[in-house]
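What follows is each chain in one-letter form.
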Amino acid sequence: MIKDYILPLGTVVTLQKGDITLMIVGRAQLFNDNGVIGYFDYSALAYPQGVVAEQEFAFFNDEDIDEILFEGYRNDQEIEFAESYEENISKVEYQKMTLKD
C-alpha cells in the first residue's frame, strides 16, 4: 500500500499511467470485465469535474497510484474500516483485477 492503510474517500490522486487527477469515491468496487467479475481497491471520478453525463468511473489499485495530492477525512469510523480492510478483503471470493497495459 502507498500508505499502511486503504485511502479514505475524498482522497485525490494521480496514477502512474495517466494524466488526469482522480478523487476516490469507492473502495473494493466490483468490476465486470467481459463477464469476469473482480474488484479493484478504488473507484474514482475525474477531479474537479466529478459526476457528469455518462461519466465512467476509473478503477485502479493502490500500486497504480503515483502521488497523493490530498488525503480524505479520517475519523474513528474510517480508521476502524481501514484497519479491518486487509482482513475483510482476504475473505472476498472475487479476484483482484489489475490495470491492463
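About the criteria used
- Residues numbered from 1 in each chain as written.
- Predicted model: local features only at pLDDT ≥ 70, side-chain atom pairs only at ≥ 80, totals over all residues.
- Heavy atoms only, no water.
- Helix = DSSP H or I, 4+ residues; strand = E, 2+ residues; numbered from the N terminus.
- Rg over C-alpha atoms; globule rule 2.2 N^0.38 Å.
- Buried < 20%, exposed > 50% of the residue type's maximum accessible area, 1.4 Å probe, protein only.
- Contact = heavy atoms within 4.5 Å.
- Areas by Shrake-Rupley, 256 points an atom, 1.4 Å probe, with all protein chains shown as cover.
- Lys, Arg positive; Asp, Glu negative; His and termini not counted.
- Charge placed at Lys NZ, Arg CZ, Asp CG, Glu CD.
- pLDDT = per-residue confidence, 0-100.

In the annotation of an unreviewed UniProt entry, the entry for the protein chain reads DUF4176 domain-containing protein, and the organism field reads Lactococcus lactis.

Colleague: Is there a simple way to explain the overall build of the protein chain in this structure?
Modeller: A count of helical and extended segments in the protein chain gives 1 helix and 6 strands. In the protein chain, the succession of helices and strands from N to C terminus is β-β-β-β-β-α-β. The globule rule puts the C-alpha radius of gyration for 101 residues at 13 Å, and the 13 Å found for the protein chain is close to it. Projecting the C-alpha coordinates of the protein chain onto the three principal axes gives extents of approximately 35 × 35 × 25 Å. The buried share among the 101 residues of the protein chain stands at 36%. For the protein chain, the proportion of contacts with a sequence separation of at least 24, taken over those separated by at least 6, is 58%. In the form shown here, the protein chain has an accessible surface area of approximately 6600 Å², with 49% of it arising from carbon and sulfur atoms. For the protein chain, the separation between the mean place of its 7 positive charges and that of its 20 negative charges on side chains is 2 Å.

Colleague: I would appreciate a short explanation of unusual backbone geometry in the present structure.
Modeller: With the exception of glycine, the majority of residues adopt a negative phi angle, and the majority of peptide bonds are in the trans configuration. Note the cis peptide between Y47 and P48, where omega equals 15°. Its place among the elements puts P48 in the loop between strand 3 (36-46) and strand 4 (58-60). For A28, which is not glycine, the phi dihedral falls at a positive 55°. By relative accessible area, which is 27% here, A28 ends up partly exposed. In this structure, N34 is a non-glycine residue whose phi angle is positive, near 55°. Relative to the helices and strands, N34 resides in the loop between strand 2 (21-33) and strand 3. Judged by its relative accessible area of 76%, N34 is exposed.

Colleague: What is the right way to read the confidence of the model for the protein chain from this model?
Modeller: The predicted structure's coordinates, where accompanied by low pLDDT, should not be read in detail. Chain-level pLDDT for the protein chain is 92 on average; 96% of the residues reach the 70-or-more range. Mean pLDDT values for the elements of the protein chain range from 93 in strand 4 up to 97 in strand 1 (residues 12-15).

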